[in-house]
Amino acid sequence: MPERNAGLDRLSELIVSLKDDGCLRVTKKLLNQGVAPTEIMEVCQKSLIDIGKKYESGEYFISGLIMAGDIMKQIIDLVLPWLDKRAAPPSRGRVLIGTVAGDIHDLGKNMAGAMLTTYGYDVKDLGVDVPPEVFLEEAKIFAPHLVGLSSLMTSGHGALVQTVQLLKKSFPPKNCPVIFISGAMIIEGVKKRSGADYLVNNVAETVFLCEKVIKDKFIKDINKKSSNNT
Ligand code: B12
């Protein structure tokens, strides 16, 4: 197993102490040293959780969260061009994503969207604060294989549950897109309550899940249909 680059711990310290110049310098260095973008993203996600804890404990204020969001956006901009551009077919599948009503957090969703696009998926991003009905309307038009809902606040769980249930009841089970949910504060219990198919915790897991679902569910269906026709 390759040794972990010590710069990743340095990056984490700099993010948590909101030192934007240092963060960007270290990120560039890590990328030039060949550290995987996904590894850098994992460090960012964990560091942001630490920042969230500092906010909760009163050590940081809302300005801290805003700075963290800003730093994160700049790091994502640096990292995205380094993502592995796969020689993928024109589209591996359609994925509809968005942040649920009442929530404006979008960093994780944007990262996941960019990563899926890089891996050859056709991604439609509905943005933030998206009402359940809009997810449904867009799902009818775009006909996604998967729908990914992001929700970072406990207060957003109601909207999340409503969105999943609306989608589930509006499509016949066989034609319903596979629904996955993601974001800090989502726990297995929320997944169960909503009836979502999967809970994902990071972008690497998301890409893996999409590949698995498309392969297991949709490609199998296509093969079944074509063998029934012969
Ligand atoms: C940055 C930040 C902000 C920024 C957001 C900037 C932006 N453009 O997104 C700003 C300053 C705007 C903000 C505002 C607020 N925030 Co805030 N924020 C955070 C913070 C520190 C980091 C979130 C983040 O970006 N994480 C990094 C990303 C990469 O991680 P992620 O979202 O989990 O995503 C990963 C996976 O889950 C997955 N994924 C995520 N989404 C999706 C979607 C799809 C489709 C897929 C495929 C995958 C996927 O992939 C990602 C990468 O691995 C969190 C702390 C935390 N624990 O997360 C608090 C946090 C979420 N915020 C919180 C709060 C309270 C607020 C405010 C209400 C504060 C206020 N008083 O105004 C407002 C909310 C306004 C609103 N209505 O939405 C709380 C929520 C607490 C709770 N129990 O609900 C947290 C947890 C902080 C805390 N510990 O108290 N916030």
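Fair warning: this is a prediction, and the values are worked out from it, not measured in the lab. (Residues numbered from 1 in each chain as written. Predicted model: local features only at pLDDT ≥ 70, side-chain atom pairs only at ≥ 80, totals over all residues. Heavy atoms only, no water.)

**What to know about the coordination of the cobalt atom of the ligand**
The protein gives the cobalt atom of the ligand a lone donor atom, His105 (NE2), placed 2.3 Å from the metal. Among the structural elements, His105 can be located in the loop between strand S1 (94–99) and helix H5 (107–118). (Donors = N, O, S within 2.8 Å, 3.2 Å for Na, K, Ca; no water. Helix = DSSP H or I, 4+ residues; strand = E, 2+ residues; numbered from the N terminus.)

**Some remarks on the pattern of salt bridges**
Tallied over the entire structure, the rule returns eight salt bridges. Note that Lys109 is salt-bridged to Asp125, the shortest N-O span being 2.8 Å. Remark: Asp125 occurs in strand S2 (residues 122–125) and Lys109 occurs in helix H5; sequence separation between them is 16 residues. Among the residues examined, Asp125 registers a relative accessible area of 37% and is labelled partly exposed. Taking the shortest distance from any N to any O, the salt bridge between Asp216 and Lys212 comes out at 2.9 Å. Of this pair, Asp216 and Lys212 both sit in helix H9 (residues 203–229), four residues apart, which is roughly one turn of that helix. In this structure Lys212 comes out as partly exposed when scored by relative accessible area, which is 36%. (Salt bridge = Lys/Arg side-chain N within 4 Å of Asp/Glu carboxyl O. Buried < 20%, exposed > 50% of the residue type's maximum accessible area, 1.4 Å probe, protein only.)

**A word on helix H6 (residues 132–142)**
Buried residues of H6: Pro132, Phe135, Leu136, Glu138, Ala139 and Phe142, and no others. Residues of H6 that are buried in the fold lie against S1, S2, strand S3 (146–150) and helix H7 (157–170). Where H6 terminates, the next one or two residues include Ala143, which has phi positive at roughly 50°. (Contact = heavy atoms within 4.5 Å.)

**Notes on the nonpolar core**
Within soluble globular proteins, side chains that are nonpolar tend to cluster in buried spots. Of all hydrophobic cores here, the largest spans 44 residues; its most connected members are Leu11, Ile40, Met41, Ile75, Val95 and Leu146. Put simply, the parts of the chain that give this core at least two residues each are helix H1 (7–16), helix H2 (20–32), helix H3 (37–57), helix H4 (62–79), S1, H5, strand S4 (178–182) and H9. Take this core: its biggest share by element is seven residues, from H9. When residues of this core are sorted by domain, at least three fall in each of domain 1 (7–82) and domain 2 (94–229). (Core = buried A, V, L, I, M, F, W, Y, C linked by side-chain atoms within 4.5 Å. Domains from an automatic or database assignment.)

**Notes on H1**
With seven of 10 residues buried, H1 lies mostly within the body of the structure. Of all the positions in H1, only Gly7, Leu8, Leu11, Ser12, Leu14, Ile15 and Val16 are classed as buried. Here the buried face of H1 lies against H2, H3 and H4. Within two residues after H1, Leu18 carries a phi angle of roughly 60°, on the positive side.

**Observations regarding the environment of Val43**
Residue placement: Val43 occurs in helix H3. For the pair Val43 and Leu11, spaced 32 residues apart in the sequence, the C-alpha separation amounts to 7.7 Å. Those residues in contact with Val43, other than ones at most four positions away along the chain, are Arg4, Leu8, Leu11 and Ser12.

**A word on unusual backbone geometry**
Positive phi, close to 60°, is recorded for Leu18, a residue that is not glycine. For Leu18, the location among the structural elements is in the loop between H1 and H2. The phi dihedral of Asp129 is positive, around 55°, even though this residue is not glycine. Among the secondary structure elements, Asp129 is positioned in the loop between S2 and H6. Residue Asp129 is classed as partly exposed on the basis of its relative accessible area, which comes to 41%.

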